[in-house]
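Listed below are the residues making up each chain.
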Amino acid sequence: MIVNGETIYDKTERIKDFFKKSLFEDLMYIITLIVSFFPIFDNIQLKGTICIIIIFISYKKLNQNYESLYEILYLKG
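Residues numbered from 1 in each chain as written. Predicted model: local features only at pLDDT ≥ 70, side-chain atom pairs only at ≥ 80, totals over all residues. Heavy atoms only, no water.

Student: Break down the pattern of salt bridges for me, with residues and values.
Tutor: For the structure on display, the rule yields two salt bridges. Two residues, Lys60 and Glu25, come together in a salt bridge whose shortest N-O distance is 3.0 Å. With a gap of 35 residues between them, Lys60 in helix α3 (residues 44-76) and Glu25 in helix α2 (residues 23-37) connect regions that are remote in the sequence. The partly exposed category is assigned to Lys60, whose relative accessible area is 36%. The exposure class of Glu25 is buried, given its relative accessible area of 13%. Its salt-bridge partner being Asp26, residue Lys61 comes within 3.2 Å of it at the nearest N-O pair. Of this pair, Lys61 sits in helix α3 while Asp26 sits in helix α2; the two residues are 35 residues apart in sequence, bridging distant segments of the chain. (Salt bridge = Lys/Arg side-chain N within 4 Å of Asp/Glu carboxyl O. Helix = DSSP H or I, 4+ residues; strand = E, 2+ residues; numbered from the N terminus. Buried < 20%, exposed > 50% of the residue type's maximum accessible area, 1.4 Å probe, protein only.)

Here it is in structure tokens:
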């Protein structure tokens, strides 16, 4: 993990960072996947809304990964 140009190797700091930044998004993603794959609801509109939420969360995570890799690329210069 890189913070302000410094590489952090401490596992507890990495876990704290995960809880601060991406725990909620990951839980939302898992819950929406479970709801969409198992026939819990028969409402098609609700399933469509869940699919849109999955797409939005996936796009956000992909964008975060891209920005992180872009930052690392320029740090290595």
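Student: If you had to explain the packing of helix α1 (residues 11-21) against α2 to someone new, which residues and values would you point to?
Tutor: The relative placement of two packed helices is expressed as an angle between their axes plus a distance between the axes. Remark: α1 packs on α2, axes separated minimally by 4 Å, with the N-to-C direction vectors making an angle of 60 degrees. One way to sum up the angle between α1 and α2 is to call them oblique. Contacts between α1 and α2 involve Phe18, Phe19 and Lys21 on the former and, on the latter, Leu23, Glu25 and Asp26. Counted by class, the contact of α1 with α2 contains three nonpolar, no polar and three charged residues. (Axes fitted to C-alpha atoms, helices over the stretch in contact; angles between N-to-C directions. Parallel < 35°, antiparallel > 145°, perpendicular 65-115°, else oblique. Contact = heavy atoms within 4.5 Å. Nonpolar A, V, L, I, M, F, W, Y, C, P; charged D, E, K, R; others polar.)

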